[in-house]
Amino acid sequence: MTVRVRFAPSPTGMFHVGGARSALQNWIYAKQQGGVFVLRIEDTDAARNKPEWTEGILSALDWIGISRGSYEGPYFQSANAGEHRAAAARLHDSGRAYYCDCTREDVQARTGSQYQGYDGYHRDRGLGPGPGHALRFRTPDEGVTVVVDLIRGEPTFENKLIEDFVIARGDGSPVFLLANVVDDMTMGITHVIRAEEHLPNTPKQQLLWEALGVKPPIWAHVPVVVNEKRQKLSKRRDKVALEAYRDEGYLAGAMRNYLMLLGWAPSGDREIVPWSVIEDEFRLDEVNLSSAFFDEKKLRAFNGEYIRALPVAEFIDACQPWLTGSGTIAPPPWQPEEFDADAFAAVAALAQTRITVLSEIVPNVDFLFLASPLIDEAAWAKTMKDGSAELLDAAVAAFETLESWDAESLKSTLEAVGAERGLKLGKTQAPVRVAVTGRTVGLPLFESLEVLGRERTLTRMRAARLRLV
Ligand code: GLU
């Protein structure tokens, strides 16, 4: 039997990191089993779906390595509507489903309570189809439904506690529970790997499989992803969109590695491992049952390590979208014609060790491309003290006559200027750095000045000097 798994997102918003994790787990499982990964877009909630969300899912999957063309699909649930209706009709015709026109108030008037379920009133009343008549599944009165779950063992549900649930609405449209089952069935899905939040649906869905006469799939419900307060990650409260991480400059390799560590770890005490190790070693049945903490700080540190591990040429390439502005990434503060690829290449290795997300490249190198630096006024006020004007004058004079404009000569020259005033190099550097880059922190100063060149360095130092008059 060929293993067939599917990832079945609903395109109702940005692509959630939890969804990305399920997609990767499905992807790896299929690969390990020599199986097939199917992508199905569950787009039947017309009011909440938007085509751009679907496009966002496809491109985000592509970004983390589930590339277009390397899986089956995407299929669209809406295209299968005929099958959903046919299955509902089959269930009705075989006596496994019946029509019901009860409102919640009707049920509560009968049960006299706040009971939220359904009391089975129409089970044997033979109501026919009609506007407002929902179709309900007749759940067995006895016995248990045993779900085979690769992570959870065999969760067992008592059938008598499962209400006769709705499978098609009063307007005849099948609900998610049924559509999802029918699609899995028609697509020959053998393993359903999905988030734990769907576990309450599973016994109902398994009953539908059985009633439709098909052997149910094997399930695997992976634990939810939570924030530092152990709350389920939410779109409204937490940063959950994979696209947001991508645009901030997380590397796909770091992101997908980190996502796979949510609730699982490779052998040994390792976290940063090649993707091939994760593909070999990942085991669904080793996934923890407890919810997984999505630790953004850890992810960021992780990303920094991935950035530092890149060959410089790849790092330079990886930075391009932030240097030139591209797609949903904000354009940099300089004009395209101000960008100088050689100057960037000259400082790239220095920047590479200092940033943890690629978007941080911009404030680190903007001084190289802007006609005049963006001055951080707070940094200016903190740095420019009594004596800074004279210090700048002396530094300008020394730099003007410097024989060779290189980092080493710049350093020894400025060191000497400071020493004459009894200042250590750190104190001497600070006003020069603020004058030239606008900031108190950044790339190593003397390498920066070397790349910026004599003329621009001196112009900026003189301009700062004038401000201090
Ligand atoms: N469309 C459902 C969701 O996004 C998928 C449910 C499933 O994987 O079975 O939650």
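Just so it is clear, the structure is predicted and the values come from calculations on it, not from any experiment.

**Q** So what's going on with the overall build of the chain? Which residues, and what values?
**A** If you tally the helices and strands in the chain, you get 19 helices and twelve strands. Relative to its length of 469 residues, the chain is extended, with a C-alpha radius of gyration of 31 Å against a globular reference of 23 Å. Taking the principal axes of its C-alpha atoms as reference, the chain extends roughly 100 × 45 × 35 Å. Relative to its 469 residues, the chain shows a buried fraction of 50%. For the chain, restricting intrachain contacts to residue pairs at least 6 apart in sequence, the fraction spanning at least 24 positions comes to 74%. In the structure as shown, the chain presents an accessible area of about 21,700 Å², 52% of it carried by carbon and sulfur atoms.

**Q** I'd like to hear about the site of the ligand, residue by residue, with values.
**A** Taken together, the residues surrounding the ligand are Arg6, Ala8, Pro9, Ser10, Glu42, Phe176, Asn180, Arg194 and His198. Between the ligand and Glu42, the relevant distance is 2.6 Å, taken from a nitrogen atom to a side-chain nitrogen or oxygen of the residue. A distance of 2.8 Å is found between an oxygen atom of the ligand and a side-chain nitrogen or oxygen belonging to Arg194. Burial of the ligand by the surrounding chains reaches 81%, relative to a free accessible area of 300 Å². Among the residues forming the shell around the ligand, the class breakdown is three nonpolar, three polar and three charged.

**Q** So what's going on with the pattern of salt bridges? Residues and values would help.
**A** When the charged atoms of two side chains lie near each other, side chains of opposite charge can form a pair. Per the stated rule, a full pass over the model turns up 28 salt bridges. The closest approach of N and O atoms between Arg465 and Asp393, which form a salt bridge, is 2.8 Å. Of this pair, Arg465 sits in helix α19 (residues 454-467) while Asp393 sits in helix α15 (residues 388-400), and the two are 72 residues apart along the sequence. Residue classification places Arg465 among the partly exposed positions, given a relative accessible area of 21%. One network of salt bridges, in which partners are shared, links Arg6, Arg40, Glu42, Asp183 and Asp184.

**Q** Quick one: what's the story with the packing of helix α8 (residues 252-260) against helix α10 (residues 296-309), residue by residue and with numbers?
**A** Two packed helices can be described by the angle between their axes and the distance between those axes. For the pair α8 and α10, interaxial distance at closest approach is 9 Å and the crossing angle is 135 degrees. One way to sum up the angle between α8 and α10 is to call them oblique. The two elements α8 and α10 meet at a crossing, and its hand is right-handed. Each of Gly253, Ala254, Met255, Asn257 and Tyr258 in α8 lies in contact with α10, whose residues at this interface are Lys298, Leu299, Phe302, Asn303 and Tyr306. The residue makeup of the contact of α8 with α10, split by class, is six nonpolar, three polar and one charged.

**Q** Report on helix α3 (residues 81-93), specifying residues and quantitative values.
**A** Spacing of three or four residues puts side chains on the same side of an α-helix, whose turn is 3.6 residues. The terminal C-alpha atoms of α3, which comprises 13 residues, lie 18 Å apart, in line with the 18 Å expected from a rise of 1.5 Å per residue. For α3, every residue scored as buried is listed here: His84, Ala87, Ala88 and Leu91. Axial view of α3: buried residues confined to an arc of 100 degrees, hence all on one face. Exposed positions of α3 whose direction lies more than 90 degrees from the buried face are Gly82 and Asp93. The inward-facing, buried residues of α3 contact β4 (97-100), β5 (134-137), β8 (166-168), α5 (176-186) and α6 (202-211). Phi turns positive one or two residues past the end of α3, at Gly95, with a value near 85 degrees.

**Q** Kindly report on the nonpolar core, identifying the contributing residues and their values.
**A** Core analysis: the largest hydrophobic core is formed by 105 residues, its most contacted members being Phe294, Phe344 and Ile361. At eight residues, helix α1 (residues 17-32) tops the list of elements feeding residues into this core. With near-sequence residues (within four places) excluded, Ile361 lies in contact with Phe315, Cys319, Trp322, Leu323, Phe344, Ala351 and Ile355. Membership of the second largest hydrophobic core comes to 28 residues, among which are Ala97, Val175, Leu178 and Val181.

**Q** Residues and numbers for the packing of aromatic side chains, please.
**A** Per the stated rule, a full pass over the model turns up 15 aromatic pairs. With centroids separated by 5.3 Å and ring planes inclined at 70 degrees, the aromatic side chains of Tyr245 and Tyr250 adopt a geometry described as edge-to-face. There is no split in this pair, since Tyr245 and Tyr250 are both buried. A centroid spacing of 5.7 Å and a plane angle of 70 degrees characterise the contact between Tyr245 and Phe294, whose relative ring orientation is edge-to-face. With Tyr245 in helix α7 (residues 242-248) and Phe294 in the loop between β12 (292-293) and α10, this residue pair connects regions lying 49 residues apart in the sequence. Both residues of the pair, Tyr245 and Phe294, count as buried. Feature note: the residues Tyr245, Tyr250, Tyr258, Phe294, Phe302 and Tyr306 constitute an aromatic cluster, connected by ring pairs. If you follow Arg467 out to its NZ or CZ, it ends over the ring of Trp380, 4.0 Å from the centre.

So, how was this worked out
Residues numbered from 1 in each chain as written. Predicted model: local features only at pLDDT ≥ 70, side-chain atom pairs only at ≥ 80, totals over all residues. Heavy atoms only, no water. Helix = DSSP H or I, 4+ residues; strand = E, 2+ residues; numbered from the N terminus. Rg over C-alpha atoms; globule rule 2.2 N^0.38 Å. Buried < 20%, exposed > 50% of the residue type's maximum accessible area, 1.4 Å probe, protein only. Contact = heavy atoms within 4.5 Å. Areas by Shrake-Rupley, 256 points an atom, 1.4 Å probe, with all protein chains shown as cover. Near = heavy atom within 4 Å. Polar contact = N/O pair within 3.5 Å; in protein donor to acceptor, adjacent residues only side chain to side chain. Nonpolar A, V, L, I, M, F, W, Y, C, P; charged D, E, K, R; others polar. Salt bridge = Lys/Arg side-chain N within 4 Å of Asp/Glu carboxyl O. Axes fitted to C-alpha atoms, helices over the stretch in contact; angles between N-to-C directions. Parallel < 35°, antiparallel > 145°, perpendicular 65-115°, else oblique. Left-handed = near helix turned anticlockwise from the far one by under 90°. Expected span 1.5 Å × (residues − 1). Arc of directions from axis to C-beta. Core = buried A, V, L, I, M, F, W, Y, C linked by side-chain atoms within 4.5 Å. Phe/Tyr/Trp six-rings, centres within 6.5 Å; stacked < 30°, edge-to-face > 60°. Lys NZ or Arg CZ within 6 Å of the ring centre and 35° of its normal.

The values are spatial; any link to function lies outside them.
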